Amino acid sequence: MSKKIMILPGDGIGPEIVEQAVAVLKTADEKFGLGLEFSEGLIGGASIDAHGEPLTDAELKKAGECDAVLLGAVGGPKWDKLDRAIRPEKGLLKIRSGLGLYANLRPAILYPQLADASSLKPEVVSGLDILIVRELTGGIYFGEPRGIRTLENGEKQGFNTYVYKESEIERIARTAFEAAQKRGGKLCSVDKANVLEVTVLWREVLDRLAPEYPDVELSHMYVDNAAMQLVRAPKQFDVMVTGNMFGDILSDAAAMLTGSIGMLPSASLNESGFGLYEPCHGSAPDIAGQGIANPLATILSAAMMLRYSLDMGDVADAIEAAVSKVLDQGLRTADIYTEGCKKVSTAEMGAAVVAAL
Ligand SMILES: NC(=O)c1ccc[n+]([C@@H]2O[C@H](COP(=O)([O-])OP(=O)(O)OC[C@H]3O[C@@H](n4cnc5c(N)ncnc54)[C@H](O)[C@@H]3O)[C@@H](O)[C@H]2O)c1
Ligand SMILES: CC(C)[C@H](C(=O)O)[C@@H](O)C(=O)O
Ligand SMILES: [Mg+2]
């Protein structure tokens, strides 16, 4: 039976990196006979330009009818001056929320070949393998009321609302506990329970569920300390679980431990295992169009797609092994380049992964 994959390249470097990931998927399809079928759609600035909105309802419906979605990135200076309701980023929030993709898995793994490219000393990061589980459809990103209002004295005030229901906390917590069971058995929940009531509730729910997972060692950490610990001694962590905004920030920090944000893939899953797969980075306007972006985070996101949504774990393993092989060959895009290696373009890196596969 064929598997329908919707491709949403988006903006900036999005189309450049997605092209390489699709080439890898097509090669895997030919080699292993996967029966993949591709369709392409618009999101972000590309959709604003074509339809006046960052994601049409028709495109959202099409995405939901596929088996999985692969996305590049959205946003860029061209659309920064638009009314905030039609910013490219709203398209991303609409697809995440519209498809119920509450569980965002962001694995930060250091490939040993990139130890020199990490921001930290090799001995601090060698063997690093962390999974950040980020709640993706709630919290301050979606809480109401929100907006910018004018006060009686004429001054403007911006406001957002940080809310989580117990049920929202419970389902992401279960995702994280189950992930910890399959990995190193350690779960660190990150909050700001010394200040924010919403995260006092977060902590309570995690503690209530903990006895159901006796094989998982649960700890709690305030987000400011967690940011510090991530760059001090990251290997103390196995699985980290946190809300939408803290997860956004901590995953970018974790990215640099692996050498570059261009190495960090992600999966965003709903209750039935349907998923959207995208690199954790953005549209990188500063390097867009130059053919130098690192496509590996997107290629690794495609591997996650095969593993989590299409039940093709063996093929995912083969793609990850191909990525490791090109790193063994010393090939590096500019962001992960270190002396003695061979600097390659986006397309050369993609072609090398295809060849290795
Ligand atoms: N998931 C997404 O679509 C997503 C994520 C983050 C930011 N954004 C959007 O992207 C735009 C730019 O945001 P930003 O500059 O804060 O973050 P960014 O992640 O786009 O870029 C941050 C830095 O990392 C570099 N970088 C990112 N990806 C890279 C790659 N694959 N290879 C090499 N270098 C890479 C960029 O060149 C830049 O210096 C904004 O409009 C933002 O809203 C989108
Ligand atoms: C572009 C933005 C809406 C998005 C987020 O904050 O979730 C991005 O930073 C990410 O990490 O995927
Ligand atoms: Mg982010």
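Residues numbered from 1 in each chain as written. Chains lettered and ligands numbered in written order. Predicted model: local features only at pLDDT ≥ 70, side-chain atom pairs only at ≥ 80, totals over all residues. Heavy atoms only, no water.

Our next topic: the packing of aromatic side chains. Here the distance between the centres and the angle between the planes together describe a pair of aromatic rings. Applying the stated rule across the entire model yields four aromatic pairs. Between Tyr162 and Tyr164 the ring centres are 6.0 Å apart and the planes differ by 65°, which places this aromatic pair in the edge-to-face class. With 4.4 Å between their ring centres and 5° between their planes, Phe177 and Tyr213 make a pair best called stacked. Of this pair, Phe177 sits in helix H6 (residues 166-182) while Tyr213 sits in the loop between helix H7 (197-209) and strand E9 (217-222), and the two are 36 residues apart along the sequence. (Phe/Tyr/Trp six-rings, centres within 6.5 Å; stacked < 30°, edge-to-face > 60°. Helix = DSSP H or I, 4+ residues; strand = E, 2+ residues; numbered from the N terminus.)

It is worth spelling out the site of ligand 1 at this point. The local shell around ligand 1 holds 21 residues, among which Val74, Glu89, Gly282, Ala284 and Asp286 are the closest. Taking Val74, its main chain carries an N or O atom lying 2.9 Å from an oxygen atom of ligand 1. In this structure, a nitrogen atom belonging to ligand 1 sits 3.1 Å away from a side-chain N or O atom of His281. For ligand 1, the accessible surface in isolation is 800 Å², of which the surrounding protein chains cover 69%. Class assignment of the residues belonging to the shell around ligand 1 gives a composition of ten nonpolar, seven polar and four charged. (Near = heavy atom within 4 Å. Polar contact = N/O pair within 3.5 Å; in protein donor to acceptor, adjacent residues only side chain to side chain. Areas by Shrake-Rupley, 256 points an atom, 1.4 Å probe, with all protein chains shown as cover. Nonpolar A, V, L, I, M, F, W, Y, C, P; charged D, E, K, R; others polar.)

Of all hydrophobic cores here, the largest spans 91 residues; its most connected members are Leu70, Phe177, Leu187, Met240, Leu296, Leu306 and Leu327. Viewed by domain, this core spans two of them, domain 1 (1-113 + 260-357) and domain 2 (129-257), each represented by three or more residues. Residue contacts for Met240: discarding those within four places in its chain leaves Ile130, Leu131, Ile132, Val133, Leu187, Cys188, Val190, Ala226, Leu230 and Leu250. Core analysis: the second largest hydrophobic core is formed by 16 residues, Leu60, Cys66, Val74 and Leu276 among them. (Core = buried A, V, L, I, M, F, W, Y, C linked by side-chain atoms within 4.5 Å. Buried < 20%, exposed > 50% of the residue type's maximum accessible area, 1.4 Å probe, protein only. Domains from an automatic or database assignment. Contact = heavy atoms within 4.5 Å.)

Our next topic: the UniProt feature "domain: Isopropylmalate dehydrogenase-like" (unreviewed entry) in the protein. Per the UniProt entry, the sites bearing "domain: Isopropylmalate dehydrogenase-like" (unreviewed entry) are residues 4-353 in this numbering. Regarding residues 4-353, the helix share stands at 40% and the strand share at 20%, and the terminal C-alpha atoms are separated by 23 Å. (UniProt positions renumbered as here; feature names shortened; annotations may be inferred.)

Mapped onto the fold, Ser189 is located in strand E8 (residues 186-191). With a relative accessible area of 0%, Ser189 lands in the buried category. At 2.9 Å, the side chain of Ser189 forms a polar contact with the side chain of Trp202.

Turning next to the site of ligand 2. Taken together, Glu89, Leu92, Arg96, Arg106, Arg134, Tyr141, Asp248 and Cys280 make up the full set of residues near ligand 2. The side chain of Arg106 places a nitrogen or oxygen atom 3.0 Å from an oxygen atom of ligand 2. In this structure, Asp248 approaches ligand 2 through a side-chain N or O atom, which is 2.9 Å from an oxygen atom. Top element by residues in the shell around ligand 2 is helix H4 (residues 88-98). It accounts for three residues. In terms of residue class, the shell around ligand 2 is made up of three nonpolar, no polar and five charged. Here the shell around ligand 2 spans two domains, since at least three of its residues come from each of domain 1 (1-113 + 260-357) and domain 2 (129-257).

So, about helix H8 (residues 223-232). Along H8, the residues that are buried comprise Val223, Ala226, Gln229 and Leu230. Looking down the long axis of H8, one finds its buried residues gathered within 115° of arc, a one-sided arrangement. Those residues of H8 hidden inside the fold are in contact with strand E5 (129-135), E8, E9, strand E10 (239-242) and helix H9 (244-257). (Arc of directions from axis to C-beta.)

Attention now moves to the UniProt feature "binding site: substrate" (unreviewed entry) in the protein. When the UniProt feature table is mapped to this numbering, "binding site: substrate" (unreviewed entry) covers Arg96, Arg106, Arg134 and Asp224. On the basis of their most widely separated C-alpha atoms, the annotated residues across 129 residues do not gather in one place, lying as much as 26.5 Å apart. Inspection of the secondary structure assignment puts Arg134 in strand E5. The exposure class of Arg134 is buried, given its relative accessible area of 1%.

In spatial order, the strands read E2-E1-E3-E12-E11-E4-E5-E10-E8-E9; together these ten strands make up an open sheet with mixed pairing. Each of the sheet's edge strands pairs with one partner strand only, and the pair in question is strand E2 (36-40) and E9. Within the sheet, the average angular offset between the axes of one strand and its neighbour, ignoring direction, is 25°. Across the sheet, H8 is in contact with E5, E8, E9 and E10; its angle to E9 comes to roughly 105°. Along the sheet face, H9 touches strand E4 (103-109), E5, E8 and E10 and points at about 155° away from the line of E5. (Pairing = 2+ DSSP bridges. Axes fitted to C-alpha atoms, helices over the stretch in contact; angles between N-to-C directions.)

The next point concerns the domain arrangement of the protein. Along its sequence, the protein is organised into domain 1 (1-113 + 260-357) and domain 2 (129-257). Taking the mean C-alpha position of each, domain 1 and domain 2 sit 24 Å from one another. Counting residues at the interface gives 22 residues for domain 1, matched by 24 residues for domain 2. Interface of domain 1 and domain 2: buried area, both sides summed, is about 1,900 Å²; carbon and sulfur atoms make up 61% of it. Across the domain 1-domain 2 interface, the total number found is zero salt bridges. On inspection of domain 1 and its partner domain 2, the count reaches five residue pairs in polar contact (both at pLDDT 80 or more). When residues of the side of domain 1 that touches domain 2 are traced back to their parent elements, those giving at least two are H4 and E4. Here the residues of the side of domain 1 that touches domain 2 are counted per class, giving twelve nonpolar, five polar and five charged. (Buried area = accessible area lost by both parts, 1.4 Å probe. Salt bridge = Lys/Arg side-chain N within 4 Å of Asp/Glu carboxyl O.)

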